[in-house]
Amino acid sequence: MTFHHKPVRVGLIGAGRMGSFHAENLAYRVPGAVLAAVADPLPGAAEALTNKLGVAAKAYSDLHALLQDAEIDAVAIAAPARTHAEWVIAAANAGKHVFCEKPMAVTLADADRAIAAAKAAGVVLQVGFNRRFDSGFAAAIAAVKAGENGTTQLSRSLTRDPGLHDPSRIPQWTIFLETLIHDFDTLLHFNPGAKPVEIYALADALVRPDFKDQGLLDTSVVTIRFDNGAIATAEANFQAVYGYDVRGEVFGSKGMLLAGHINANHCVRYHQDGIAIETSRMDSDLLREAYVAEMAEFARCIRSGETPRATGEDARNALEIAVACIESVQQQKPIKLGAR
């Protein structure tokens with residue numbers, strides 16, 4: 001692998017909502033990286049994004065053409081979730097470093113193929129578990145790792161999305177594979193060194209019960225038992241009317257750590273109707289700094305040879321829990337890991 005001190009030239013795959021946000025960060029906010037190209041199969045989408053950002057990045061409608069571009073050092077994958085593993089493998093095979101939005105894969109076999117492809121190519125593979133780059137979550141995880149919180153006994157993590165706009169566009173099992181995957185990653189890092197041994201998931205369509213017969217699950221609680229006896233819960237809902245709500249808590253033998261907040265800013269308003277706080281309504285607002293920090297770490301790891309803190313193996317570990325959740329809902333019983 002060659003390490004270089006010039007800015008990392010990143011090609012983006014996918015110019016949708018999340019892709020556009022990553023593109024803006026790469027264009028203006030990420031030290032050590034530049035947005036060099038955008039690829040999207042929708043005619044004109046890549047060009048529209050580069051024009052909007054006012055950057056001299058190439059625009060491709062052929063995604064494979066971007067991978068063959070010798071001037072591109074790395075790719076950031078923000079394509080639809082079910083295609084991620086194939087793009088990780090294709091990018092690694094083309095010798096590009098890879099940043100992939102979560103989930104990296106939706107089957108364990110594909111996760112293994114993606115990890116193996118990156119390893120064989122000797123490229124950096126980082127997955128978009130942005131929560132770990134949030135200052136609160138990062139501090140809590142560091143404190144647990146340093147032993148400050150003692151032995152983890154109980155932990156919880158929750159994700160409440162701000163609004164369920166069009167349920168018909170949500171693929172089945174999204175709540176586990178794309179939403180709670182963040183919480184599973186967090187809970188694994190709240191209990192370092194321990195392995196999950198049993199998963200039990202309850203899920204339903206409570207926000208939009210009219211879509212349940214189409215496979216929608218918009219509300220879930222998951223319990224995870226670890227081999228060191230610790231018990232964790234993860235909770236998700238697709239419609240918190242009050243904003244985008246992401247929080248974590250880890251209780252150990254020496255105390256408790258809380259992470260996450262919903263405040264859009266640090267102003268609290270006291271007036272005749274009570275006390276009010278403006279809340280964040282988008283992941284790209286609540287976790288704006290974390291999105292920049294994760295991409296800056298990606299560029300730094302490419303330039304220095306370091307291993308990123310959110311690896312392909314981390315993605316596989318979280319996916320293992322998500323897959324067990326799907327089985328648990330289907331079979332309506334707890335699932336033992338390692339016994340499947």
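Structure's up top.
First things first, this report covers the structure right here in the doc. Everything numeric in this text was worked out from a predicted model, so none of it was measured.

Okay, unusual backbone geometry next. With an omega of -10 degrees, the peptide bond running from K102 to P103 counts as cis. With respect to the helices and strands, the residue P103 is situated in the loop between β5 (97-100) and α5 (108-121). For W173, which is not a glycine, the phi torsion comes out positive at approximately 70 degrees.

Another aspect to go through is the environment of Y200. Here Y200 shows up in strand β8 (residues 196-204). Residue classification places Y200 among the partly exposed positions, given a relative accessible area of 32%. Between the C-alpha atom of Y200 and that of H97, which follows or precedes it by 103 residues, the distance is 36 Å. With residues near it in sequence (within four places) discarded, Y200 still touches V221, V222, T223, S328, K333 and P334.

Let's shift gears to the sheet that holds strand β2 (residues 33-39). Across the sheet, 6 strands lie side by side as β3-β2-β1-β4-β5-β6; this open sheet has parallel pairing. The two strands at the open ends of the sheet, each matched to only one other strand, are β3 (58-60) and β6 (125-127). Going from strand to strand, the sheet's axes swing by 25 degrees on average, the running direction of each strand aside. With respect to the sheet, helix α1 (residues 17-28) is in contact with β1 (8-13), β2 and β5, its orientation differing from that of β2 by roughly 145 degrees. On the sheet, helix α4 (residues 84-93) packs against β1, β4 (74-77), β5 and β6 and is oriented at approximately 165 degrees with respect to β5.

Within β1, 5 of the 6 residues are buried, which leaves the element mostly enclosed by the surrounding structure. In this fold, the crossover linking β1 to β2 by way of α1 has right-handed handedness. Across 4 bridges, β1 lies against β4 in parallel orientation. Across the sheet, residue I13 finds its bridge partner in β4, namely I77.

Once that is clear, we can look at the sheet that holds strand β9 (residues 219-226). The sheet built from 7 strands is open, its strands ordered β12-β11-β7-β10-β9-β8-β15 with mixed pairing. Where the open sheet ends on each side, the last strands, each with one partner, are β12 (255-259) and β15 (335-336). In this sheet, β12 lies alongside strand β11 (residues 245-252) in antiparallel orientation, the contact comprising 5 bridges. Of the residues in β12, the one forming a bridge with G248 is A259. Contacting β7 (152-160), β11 and β12, helix α6 (residues 135-145) crosses the sheet at an angle of about 155 degrees to β12.

Cut-offs used in this document
Residues numbered from 1 in each chain as written. Predicted model: local features only at pLDDT ≥ 70, side-chain atom pairs only at ≥ 80, totals over all residues. Heavy atoms only, no water. Helix = DSSP H or I, 4+ residues; strand = E, 2+ residues; numbered from the N terminus. Buried < 20%, exposed > 50% of the residue type's maximum accessible area, 1.4 Å probe, protein only. Contact = heavy atoms within 4.5 Å. Pairing = 2+ DSSP bridges. Axes fitted to C-alpha atoms, helices over the stretch in contact; angles between N-to-C directions. Right-handed = clockwise from strand over helix to strand, strands pointing away.

By themselves, these figures tell us nothing about what the structure is for.
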